[in-house]
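# Structural characterization, general
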Amino acid sequence: MVCNSFGICGGCSLKQDGYSAQIKLKQGKVKALLEPFYNGEIEVTPSPNTEYFRNKIELSFCRQVVWSEPYGKKKKVVRDKTKPLEFENTFGFRLKGRWDRCVNIEDCLLYEPNLSAYAKALRLWAEEKKLSFYDQRTHEGLLRNLILRRGVNTGEGMAVLITAAPFEHAEDFAKLTETFYPSYHILTAVNDGVSDGAGIKDIRIVKGKGFIREKILESGREIIFEISPQSFFQTNTKAANLIYEKVASKMAELKPAVMYDFYGGAGSFSLCCAPYVGKSLCVESVPSAVNDGVRNAKINKIENVNFFCATTEDFLAKNKIGSHNSVIVLDPPRSGVHPAACAKILNSGAPQIFYVSCNPVTLAENLKTLSAKYKVTHVECFDFFPHSEHIETLAELELK
């Protein structure tokens, strides 16, 4: 099924292709990028679900100029400048290639079946209440974003309405949300910055709790994660579970004395691998993620993970990696491993590196450096993002 907004909405880019064709396309791109470093076969583990697979989405409220025709990324919009501008309110995903426009959600297959009906009801409710939608160009308006999160393995959920100023209709918002998601925790928050990425503050719990719980299953163990509105957690729970199990199985074979978990977030890899390592040093630069990791270690009664709030490059500038019986796990953002950190890792002498990449382009860039002393022994991919061009890659490296 292809939704009516495909090609306009930025939520999907490959939905017109069958899923097997998507996998082959992604596999080919990774193979071409990594060919200078690895010439073996690259298997792709498909996503366990190709519809309703996301555990988190963020939708935007937009006040925008009415365009007479659908907008394609490479098309130029021409309007009659003799007529005054007309405006419309939209609520949904960003338009493909635009930062200032949205498309109303219709028939979306990313989050869960109720999403389209809920989004439409929320948009109409806001208009009836005469609540202003945010204009990204003028930075005016009240309603900005909505975050929806769910625990795929626990059934818990959360809705967070983000406004540009304190919100006076929180109880009404909660009542509407409950008609579609009766068990969800409901919160409001404020973002009064210019950018949507400025962060939120003044979080208010309207109903329930300020977090949801999710669990990862690893070799019969259940690892519980408390997830707050801003916590990082892989958006495809079931696919992420597969890569956590894979890395944990490698640690069970190697049994390293020390595991260095760089760009560790809330410690997902550290907590999953804890039974198989002497200790894990989880390094993460975002304080809220570090706090989540410390809390989740306590929940799961895991005592051999130490968390450090620092950038990987700063940590490595002050701390030497032990080369004996150690393993490095890298899970950087799309920008890849910082060059200074990459240089330190290259000279660390650690016998094995497991590089988890959400961007094969920057993985290839980092391998240009690391291949001076490390050889790539295995590469495989996990499809976390059906219908998009993104894919997760796991590269295993050994010291030459």
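Right, let's walk through the structure included here. (Residues numbered from 1 in each chain as written. Predicted model: local features only at pLDDT ≥ 70, side-chain atom pairs only at ≥ 80, totals over all residues. Heavy atoms only, no water.)

## Here we look at the nonpolar core
Rules: Grouping buried Ala, Val, Leu, Ile, Met, Phe, Trp, Tyr and Cys residues that are joined through side-chain atoms within 4.5 Å yields what is termed a nonpolar core. Using a 1.4 Å probe on the protein chains alone, a residue whose accessible area is under 20% of its type maximum counts as buried, one over 50% counts as exposed, and one in between counts as partly exposed.
Residues I243, M251 and F269 are the most contacted members of the largest nonpolar core, which totals 41 residues. Of all hydrophobic cores here, the second largest spans 38 residues; its members include L330, I353, V376 and A395.

## What about the packing of aromatic side chains?
Applicable threshold: Aromatic rings from Phe, Tyr and Trp, with only the six-membered ring used for Trp, were paired whenever their centres fell within 6.5 Å, and each pair was classed as stacked if the ring planes differed by under 30 degrees, edge-to-face if by over 60, and tilted otherwise. Ring-over charges, as used throughout, are those where CZ of Arg or NZ of Lys falls within 6 Å of the ring centre and within 35 degrees of the ring normal.
Tallied over the full model, the rule gives 11 aromatic pairs. Judged by centre distance (4.5 Å) and plane angle (20°), the rings of Y181 and Y184 are stacked. Each member of the pair Y181 and Y184 is classed as buried. Aromatic ring contacts, followed pair by pair, group Y118, F180, Y181 and Y184 into a single cluster. The cationic tip of R63 hangs over the ring face of F87; the distance from NZ or CZ to the ring centre is 3.8 Å.

## Things to note about helix α4 (residues 237-254)
Rules: Strands are runs of DSSP state E lasting at least two residues, helices are runs of H or I lasting at least four, and both sets are numbered from the N terminus onward. Take the number of residues in a helix, subtract one, and multiply by 1.5 Å to get its expected span.
Compared with an ideal rise of 1.5 Å per residue, which puts 18 residues at 26 Å, α4 spans 26 Å between its outermost C-alpha atoms and is within 8% of the ideal. T237, A239, A240, N241, I243, Y244, V247, A248 and M251 are the residues of α4 that are buried. Residue K255 follows α4 closely and has a positive phi angle near 50°.

## Looking at empty space enclosed by the protein
Operational definition: Definitions used throughout: a 1 Å grid over protein atoms alone; a cavity as a set of points that fits a 1.4 Å probe which cannot get out; a pocket as an open set with protein on both sides within 12 Å along at least five of seven lines; a lining residue as one with an atom within 4 Å of a point. Grid points are joined across faces, edges and corners, and a volume is the space filled by probe spheres set on the points. Residue polarity follows a fixed list, in which Ala, Val, Leu, Ile, Met, Phe, Trp, Tyr, Cys and Pro are nonpolar, Asp, Glu, Lys and Arg are charged, and the others, Gly among them, are polar.
Under the definition given, this model contains three cavities of 30 Å³ or more. Of the voids in this model, the second largest cavity is the one considered here, and its volume is about 40 Å³. Around the second largest cavity, the lining residues are F225, E226, I227, S231, F232, F233, A266, D292 and N296. The set of elements that each furnish at least two residues to the lining of the second largest cavity consists of β10 (221-227) and α6 (287-299). With three residues, β10 is the largest single contributor of residues to the lining of the second largest cavity. When the residues that make up the lining of the second largest cavity are grouped by side-chain class, the tally is five nonpolar, two polar and two charged.

## Regarding the side chain of T177
How we decide: Here a polar contact is recorded for every N or O atom pair within 3.5 Å, except that within protein the pair must consist of a potential hydrogen donor and a potential acceptor, and residues adjacent in sequence are included only if both atoms are side-chain atoms. Throughout, a contact is declared for two residues whenever any of their heavy atoms are within 4.5 Å.
For T177, the location among the structural elements is in helix α3 (residues 170-180). With relative accessibility at 0%, the residue T177 sits in the buried group. A polar atom in the side chain of T177 sits 2.8 Å from the side chain of Y118. If we skip the residues at most four places from it in the chain, T177 touches Y118, A159 and I186.

## Some details on the packing of helix α1 (residues 19-34) against helix α9 (residues 360-370)
Note the threshold: Note on geometry: axes are lines fitted to C-alpha atoms, helical ones only across the stretch in contact, with angles between N-to-C directions running from 0 to 180 degrees. Put simply, angles under 35 degrees are roughly parallel, angles over 145 are roughly antiparallel, angles from 65 to 115 are roughly perpendicular, and the rest are oblique. Put simply, a crossing is left-handed when the front helix is turned counterclockwise from the back one by less than a right angle, and right-handed when it is turned clockwise.
Contact geometry for α1 and α9: axes closest at 9 Å, N-to-C directions at 15°. Classed by the angle they form, the pair α1 and α9 counts as roughly parallel. As for how α1 packs across α9, the hand of that crossing is right-handed. For the pair α1 and α9, contact is made by V30, L33 and L34 and by P360, V361, L363, A364 and L367, respectively.

## Points about the environment of L95
By the secondary structure assignment, L95 is in the loop between β3 (87-94) and β4 (102-104). Sequence separation of L95 and A274 is 179 residues, and the distance between their C-alpha atoms is 42 Å.

## Digging into the sheet that holds strand β5 (residues 143-150)
For clarity, the cut-off: Whether two strands pair comes down to DSSP finding at least two bridges between them.
Judged by pairing direction, the sheet is mixed, and its seven strands sit side by side in the order β4-β3-β2-β5-β6-β7-β8 without closing on themselves. Two strands bound the open sheet, and with one partner strand each, they are β4 and β8 (201-207). Put simply, the sheet's adjacent strands are angled 30° from each other on average, direction ignored.

## Regarding unusual backbone geometry
Excluding glycine, residues mostly have negative phi values, and the peptide bonds linking residues are mostly trans. In this structure, D107 is a non-glycine residue whose phi angle is positive, near 55°. Looking at the secondary structure, you find D107 in the loop between β4 and α2 (115-128). The exposure class of D107 is partly exposed, given its relative accessible area of 32%. Positive phi values are uncommon outside glycine, yet S219 reaches one of about 50°. Checked against the element boundaries, S219 lands in the loop between β9 (212-218) and β10. The class of S219 is exposed, set by a relative accessible area of 58%.

## Overview of the pattern of salt bridges
Counted only if it meets this: A pairing counts as a salt bridge when a side-chain nitrogen of Lys or Arg comes within 4 Å of a carboxyl oxygen of Asp or Glu.
The final tally for this structure, using the stated rule, is 20 salt bridges. Across the salt bridge formed by E389 and K29, the nearest N and O atoms sit 3.7 Å from each other. Placement of the pair is E389 in the loop between β16 (374-382) and β17 (392-399) and K29 in helix α1, with a sequence separation of 360 residues. Of the charged contacts, one joins K368 and E365 as a salt bridge, the two residues approaching to 3.2 Å between their closest N and O atoms. Of this pair, K368 and E365 both sit in helix α9, three residues apart, which is roughly one turn of that helix. Three or more residues are tied together by salt bridges with common partners; here these are R213, E226, D292 and R295.

## A word on the pairing of strand β2 (residues 56-65)
Consecutive side chains of a regular strand alternate in pointing toward one face of the sheet and then the other. Judged from the five bridges that link them, β2 and β5 form a sheet pairing that is antiparallel. Note that in β5 the partner of L59 across the bridge is L146. Both β2 and β3 contribute to a ladder of six bridges, which runs antiparallel. Within β3, the residue paired with C62 across the bridge is T90.

The analysis is restricted to geometry; functional conclusions fall outside its scope.
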